[in-house]
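# Report on the structure
If you want the building blocks of each chain, they are given just below.
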Amino acid sequence: MTETKDLAALSVNAIRFLAIDAVEKAKSGHPGMPMAMAPLAYLLFREVLRHHPEDPLWPDRDRFVLSAGHGSMLLYAVLHLTGYDLPLEELQRFRQWGSKTPGHPEHGHTLGVEVTTGPLGQGISTAVGLALAEKKLALEFNRPGHTVVDHWTYVLASDGDLMEGVSGEASSLAGTWGLSKLIVFWDDNRISIDGPTDLAFTEDVLARYRAYGWQTLRVEDANDLSALQHAIRLAQLDERPTLIAVRSHIGYGSPKQDSHKAHGEPLGPEAVEATRKALGWPYPPFVVPEEVYRHMDMRPRGRALKEEWERRLEAYAKAYPDLYEELLRRLKGELPPLPETPPAFDKPVATRAASGRTLDEIAPRMPELLGGSADLTPSNNTQAKGMADFSRENPSGRYLHFGVREHAMGAILNGLNLHGGYRAYGGTFLVFSDYMRPALRLAALMGTPTVFVFTHDSIALGEDGPTHQPVEHLMALRAMPDLWVIRPADAHETFYAWQVALRRKEGPTALILTRQAVPLLSPEKAKGLLKGGYVLEEDEEPEGILVATGSEVHLALRAKALLNGKGRRVRVVSLPSWELFEAQPAEYREQVLPKGLPTVAVEAGASLGWERYAHRAVGLDRFGASAPYPEVYERLGFTPERVAEALEELL
């Protein structure tokens, strides 16, 4: 027993000094948190987590989320020691170009990293989605005597994580939903960059979390492995999510302990030497005793855990072959057969309504589809027919009510999609995409196939006025790498936009939908959306081009009619998705938008950016106004006459 305790203490210090040495070598990083929370990392990865270093994507593994992503060396050190494919050379290349050890953890870049974290509050909020996916998947597939989905989500969060508003939004939902297999450790070190946390953070955090519906526990010393283990056991017995406050000391063992100076900069050679003496660590930088590697090697245990799960899965396959096949399909991310032709539309319809009709067709065929809205369900049209509400009392429901919590919704959707087994989408007004932009950005960084449904897409919102009328939002979303933005022009294009979004596996999609009804295009021509842009109508040997998106496509068609009346020959291009269009061969793009033809772009939003495709833009570079939308359009210059005039001037 004494030997085990000695090995535990040695291993904890190995984690600490790998972090210290990597930060020191990089001359950049955050040593303080890894030094304080090394005991917890040791306990979780050595004793608690069910994980498999040789198969980091094993579906029934426990998930660990380092929400305090600045402490990334804590995670890299423990992944290295427990046998993940993260050799010592990568720790020595911490924060360097091309290394597997970037400054903050990146999902898909480093094996063992579940979530891209860094912006505080995102990790814990995304973890709510991970825990929700486990809860629903277990309910859907487990059967008496056959448990094939059974894992936990553990989070290490900082003071800063719990200060950020998004964590409060998401934690409130976790309590409301009763996510009992979510356990969050709060690194209660009482230090922020500016100084003591009580400069700005004085509330009773545990009381706040109890009010959210969580169990709360406290561990008085982060170095007390027995107390940590006892708290984890209590957390696992409760029917609520649990927050465990762990009193720690940033920069533990160093001359900079309990100082903000231990947070975000190397300790410095003198302080490192003093820390080595204080903690009894006689080894040179990056040297770890072999007995620590043997003690920390989790590969044999990981193999045994996975083999035991595979035996259970084999028995499950014999007892429930249909469920087994369905579970495997969904874990692989394979789509079921989806409808290939749009629903029958016989009159002008808002694209938000067309989106709802499309979901009515898709949802019954796609049981993994989960949807929701930030308290705008009737406006977003995001609840498909027969999609029951999810709640603690009805956990089998597939529709999620997020309340007025756009930011948490985005993060939770990301977690659901990261987990596997589900495809999740959520809706709000386009103008409120600003409230969830960090989650949108992380979806793009992680390549998470989240579908963001943004309705009420322009000044056509009308009477609600400029506070609710998006102007700059389309261009702001298009500026985000790896986010596909699709603004369909009619009901049929909307159907195909959903096809694109659901078939995309390696990144998020934003669907931009109208509040007002728009005329119908030909279903055959609308299929051109699958290429991002296409020639909708044209005269023989056109002199110029009108290119537009969304509702303004119909404005372009009316302008074409005016120009035809004057003897002008015009092509109209629908360009619902720049990103999808850019993914097409250059030859196709040149055919649709030849550079030699005078081109005018038409979109009820910021004109900045349209110079990529057009010589002039009829756009909106001011805020909107409160009035019925036809009048707003007319007064702000979105008329066939103005569009026709703009192209005539070029011609």
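Residues numbered from 1 in each chain as written. Predicted model: local features only at pLDDT ≥ 70, side-chain atom pairs only at ≥ 80, totals over all residues. Heavy atoms only, no water.

As annotated in an unreviewed UniProt entry, the chain carries the name Transketolase and comes from Thermus oshimai JL-2. Reading the Sequence similarities (unreviewed entry) entry of the UniProt record for the chain gives the comment "Belongs to the transketolase family." What the UniProt record of the chain gives under Subunit (unreviewed entry) is the line "Homodimer." (UniProt positions renumbered as here; feature names shortened; annotations may be inferred.)

Here the focus is the packing of aromatic side chains. Tallied over the full model, the rule gives 24 aromatic pairs. Ring geometry for Trp58 against Trp309: centres 6.1 Å apart, planes inclined by 70°, an arrangement best described as edge-to-face. Here Trp309 lies in helix α12 (residues 299–319) and Trp58 lies in the loop between α2 (32–48) and β1 (63–66), a separation of 251 residues in the sequence. Each member of the pair, Trp58 together with Trp309, is buried. (Phe/Tyr/Trp six-rings, centres within 6.5 Å; stacked < 30°, edge-to-face > 60°. Helix = DSSP H or I, 4+ residues; strand = E, 2+ residues; numbered from the N terminus. Buried < 20%, exposed > 50% of the residue type's maximum accessible area, 1.4 Å probe, protein only.)

With that settled, the discussion passes to the UniProt feature "site: Important for catalytic activity" (unreviewed entry) in the chain. Per the UniProt entry, the sites bearing "site: Important for catalytic activity" (unreviewed entry) are His30 and His263 in this numbering. Spanning 234 residues, the named residues form one tight spatial group whose C-alpha atoms are at most 5.3 Å apart. As for its placement among the helices and strands, His30 is situated in the loop between α1 (2–26) and α2. You can call His30 buried: its relative accessible area is 14%. With residues near it in sequence (within four places) discarded, His30 still touches Val23, His70, Arg95, His263 and Gly264. There is a polar contact of 3.5 Å between the side chain of His30 and the backbone oxygen of His70. Positionally, His263 belongs in the loop between β7 (242–247) and α10 (269–279). For His263, the residues in contact, after removing those within four places along its chain, are Gly29, His30, Pro31, Gly32, His70, Ile193 and Ile250. (Contact = heavy atoms within 4.5 Å. Polar contact = N/O pair within 3.5 Å; in protein donor to acceptor, adjacent residues only side chain to side chain.)

This paragraph deals with the sheet that holds strand β2 (residues 153–158). What the five strands build is an open sheet, ordered β1-β2-β3-β7-β6; its pairing is parallel. The outermost strands of the open sheet, each flanked by one partner alone, are β1 and β6 (215–219). The mean angle between the axes of side-by-side strands here comes to 20°, regardless of whether they run parallel or antiparallel. The sheet contacts of helix α9 (residues 225–237) involve β2, β3 (182–188), β6 and β7, and relative to β6 the element is tilted by about 175°. (Pairing = 2+ DSSP bridges. Axes fitted to C-alpha atoms, helices over the stretch in contact; angles between N-to-C directions.)

Our next topic: the UniProt feature "binding site: Mg(2+)" (unreviewed entry) in the chain. Look at the UniProt record and you will see "binding site: Mg(2+)" (unreviewed entry) annotated at Asp159, Asn189 and Ile191. The greatest C-alpha distance among the residues just named is 8.0 Å, despite their covering 33 residues of sequence, which places them together in space. With respect to the helices and strands, the residue Asp159 is situated in helix α6 (residues 159–163). Note on Asp159: relative accessible area 4%, which makes it buried. When sequence neighbours within four positions are dropped, the list of residues in contact with Asp159 reads Trp186, Asp187, Asp188, Asn189, Arg190, Ile191, Thr197 and Phe201.

The domain architecture assigned to the chain consists of domain 1 (7–301), domain 2 (351–512) and domain 3 (530–649). Once you take the C-alpha centre of each, domain 2 and domain 3 turn out to be 26 Å apart. Contact residues are listed per partner, giving 25 residues for domain 2 and 35 residues for domain 3. Summing both partners gives a buried area of about 2,400 Å² for domain 2 against domain 3, and 60% of it is carried by carbon and sulfur. The interface formed by domain 2 and domain 3 holds two salt bridges in total. Across the pair Arg487 and Glu552 runs a salt bridge whose closest N-O atoms are separated by 2.5 Å. On inspection of domain 2 and its partner domain 3, the count reaches 15 residue pairs in polar contact (both at pLDDT 80 or more). (Domains from an automatic or database assignment. Buried area = accessible area lost by both parts, 1.4 Å probe. Salt bridge = Lys/Arg side-chain N within 4 Å of Asp/Glu carboxyl O.)

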